[in-house]
Amino acid sequence: FPVTITPHLTMLGSPATISNADFRNLAFATSTVNATTGGSDCGNNSGITFPAPKTVYWNLAGSNTWWSNGWASTPSGTPDISNYPLAQDTAAFTDDGAVTSIILNDATKTIGTIDMSARTLAMTVNLAATTKICGSWYNGAGTTFSGTGSISFFGRAGSPNYISGNGVTFTNDIISTDKITNITLLSNVTLTSARGVSLARGTLSLGSYTLTTGTFSGTNTDNPVTYPLIAFGTGNITLIGSGTVFSAGNMLQMNGSRTVNIAYTGASSVLYNHAGSVNETWCADVNVTVGTYTLSIGNSTVRSIDFTGYSGSLEKLPFTIYGSLTISPTMTMIPGSGNTILFGSSSATPRTITTSGKTLAFNVTFNGNGGSWVLQDAFTSGSSNTLTLTAGKLVLNDKTYTTGSFVASTNSTNKEIDFGTSGNITLLTTGTVWSVSSTTALTFSGSGPKDVNLTYSGTSAVTINTATVSFANARSFNVKAGTYQFNASSAFVKNLNFTGFSGTLNFGTHTIS
């Protein structure tokens, strides 16, 4: 019977003998428990004497349950009930046994290590119920799976839970719900597109390998907080399912390459959802590599996102980017309203933005103290969108940034726009299109004219507010079209060019440098 206590419990009392039981998270402080008969060490115990770990072999023909009397001490030996594998043991399947199917149908039992690495002949693992593993799992070349149960790993302090896929595809979910679990890949591991990996607690260590799965979940709601961790190493997670393919809150930690590939090839919609309030070191580089489906980036945070190879439609939902953005020339941007991209890097390493000629109808905010972003081509958003500079440096790189309006946030954090030699900002809309109410930390750089172009062609009034600026920080405004009233009350500008404009002027108090 199982004796499992969570969290760890210290027991006081007289010496005792307990047989045929599972123990986990138990410490006997004043005496030693004798569990040498059938005592199953499921991890994190002390003050208990267990049987020494052993390796046993399945040698029962046909299809049988795990709990049958099929375990022998040698690959071709005679089964005996005393050889039943405990949680500290390794249960091996080799080509010596005539097994066709092993059925795991009892979710209350805990199994140690399952090793099928020496099995090249066909055998089916029928996961009829969730199977608890506190050791490792090694597939054989002949392994196939059936059933709908999950493989649930439980950790032992200092002992990784290894998985070797051996080229075999898992058709069952893999989950970790224990905070000391360390699922460690020894090869590439692949699940079918309908199955997923769930890391509610513990560590997933990829090493140099690829984990291919339909979905991944890293959601944790523990109180007190438990932080699951993906240690990517140089490996990656490749998502091939549909629906919500990535779901995690702001407690999921990451280190290493932090590479997540979305490689779904079907027609159903896909959602990537990594909660918005995630710090820069705990979010992934997301590569959308293929597909024509509709993709939603929820209220999510990414380091970089690269759509190269993607030909589907992106729904414009709010998300935060700490790294670079690369748009595919073959993708479609679905129009929306009130959508925002926040570029939030504070790294001194410049981030790049490539739009590939697509219109990004987003509100865009740059807010990273010490960060910088370099346009690789023209950036075009819609007439109803706003460019907000809160902190950091936007490098136009001799490109045009087209948007509805511009706002410089009213704070003392350094803000800069580098126009280069020919870069410019083009404003499309009516109302207050240029709003700079605090100029303490806003500067402009570049060797060119640093032009701001107004191309609105309607009749509603247009206003620029520049606040008081020096000659070096005064902008040249080119009002190129329209029959509206142009308001420049209390404006400080370098040049005003009204070629093409047929409206009226309302200067108020103004300075032209």
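Residues numbered from 1 in each chain as written. Predicted model: local features only at pLDDT ≥ 70, side-chain atom pairs only at ≥ 80, totals over all residues. Heavy atoms only, no water.

## What to know about the overall build of the protein
Consideration 1: Check the secondary structure of the protein and you find zero helices and 59 strands.
Consideration 2: What you see for the protein is a C-alpha radius of gyration of 31 Å, clearly larger than the 24 Å of a compact globule of 513 residues, by over 25%.
Consideration 3: Principal-axis analysis of the C-alpha atoms gives the protein an extent of 100 × 50 × 35 Å.
Consideration 4: Split into buried and exposed, the 513 residues of the protein put 51% on the buried side.
Consideration 5: In the protein, of all internal contacts separated by at least 6 residues, the share reaching a separation of at least 24 is 46%.
Consideration 6: Element-wise, carbon and sulfur atoms account for 51% of the exposed surface of the protein, whose accessible area totals about 19500 Å². (Helix = DSSP H or I, 4+ residues; strand = E, 2+ residues; numbered from the N terminus. Rg over C-alpha atoms; globule rule 2.2 N^0.38 Å. Buried < 20%, exposed > 50% of the residue type's maximum accessible area, 1.4 Å probe, protein only. Contact = heavy atoms within 4.5 Å. Areas by Shrake-Rupley, 256 points an atom, 1.4 Å probe, with all protein chains shown as cover.)

## Regarding the packing of aromatic side chains
Consideration 1: Here the structure, examined in full by the defined rule, presents 27 aromatic pairs.
Consideration 2: Their ring planes at 10° and their centres at 5.0 Å tell us that F343 and F366 sit as a pair that is stacked. Taken together, the positions of F343 in strand β42 (residues 340-343) and F366 in strand β44 (residues 363-375) put the pair 23 residues apart, joining distant regions of the chain. Assigned by exposure class, F343 and F366 land together as buried.
Consideration 3: Every member of this aromatic cluster is reached through a ring pair, and the members are F406, F419, W434, F444 and F477.
Consideration 4: Positioned above the aromatic ring of W67, the side-chain terminus of K109 is 5.5 Å from the ring centre.
Consideration 5: Sitting over the ring of F444, R475 keeps its end group 4.3 Å from the ring centre. (Phe/Tyr/Trp six-rings, centres within 6.5 Å; stacked < 30°, edge-to-face > 60°. Lys NZ or Arg CZ within 6 Å of the ring centre and 35° of its normal.)

## Some points on the confidence of the model for the protein
Consideration 1: In the predicted model, the protein carries a mean pLDDT of 91, and the fraction of residues at 70 or more is 93%.
Consideration 2: Of the regions scoring below 50 in pLDDT, residues 1-7 engages in 18 contacts with residues more than four places distant in sequence or in other chains. (pLDDT = per-residue confidence, 0-100.)

## A few points about the pairing of strand β24 (residues 196-199)
Consideration 1: Bridge count between strand β21 (residues 174-176) and β24: three bridges; the pairing is parallel. For I174, the partnering residue across the bridge sits in β24 and is V197.
Consideration 2: Relative to strand β27 (residues 215-218), β24 is paired through three bridges, and the arrangement is parallel. Among the inter-strand pairings, V197 is bridged to a residue of β27, identified as F216. (Pairing = 2+ DSSP bridges.)

## Digging into unusual backbone geometry
Consideration 1: A positive phi angle is found at N20, which is not glycine, with a value near 55°.
Consideration 2: Mapped onto the secondary structure, N20 falls in the loop between β2 (16-17) and β3 (21-28).
Consideration 3: Phi at D398 takes a positive value of approximately 65°, unusual for a residue other than glycine.
Consideration 4: Take D398: it is sitting in the loop between β46 (386-395) and β47 (400-403).
Consideration 5: What makes D398 partly exposed here is its relative accessible area of 34%.

## Thoughts on the pattern of salt bridges
Consideration 1: In this structure the tally under the stated criterion is nine salt bridges.
Consideration 2: The shortest N-O distance in the salt bridge between D173 and R195 comes to 4.0 Å. One end of the pair, D173, is in the loop between β20 (169-170) and β21; the other, R195, is in the loop between β23 (189-191) and β24, and 22 residues separate them in sequence. (Salt bridge = Lys/Arg side-chain N within 4 Å of Asp/Glu carboxyl O.)

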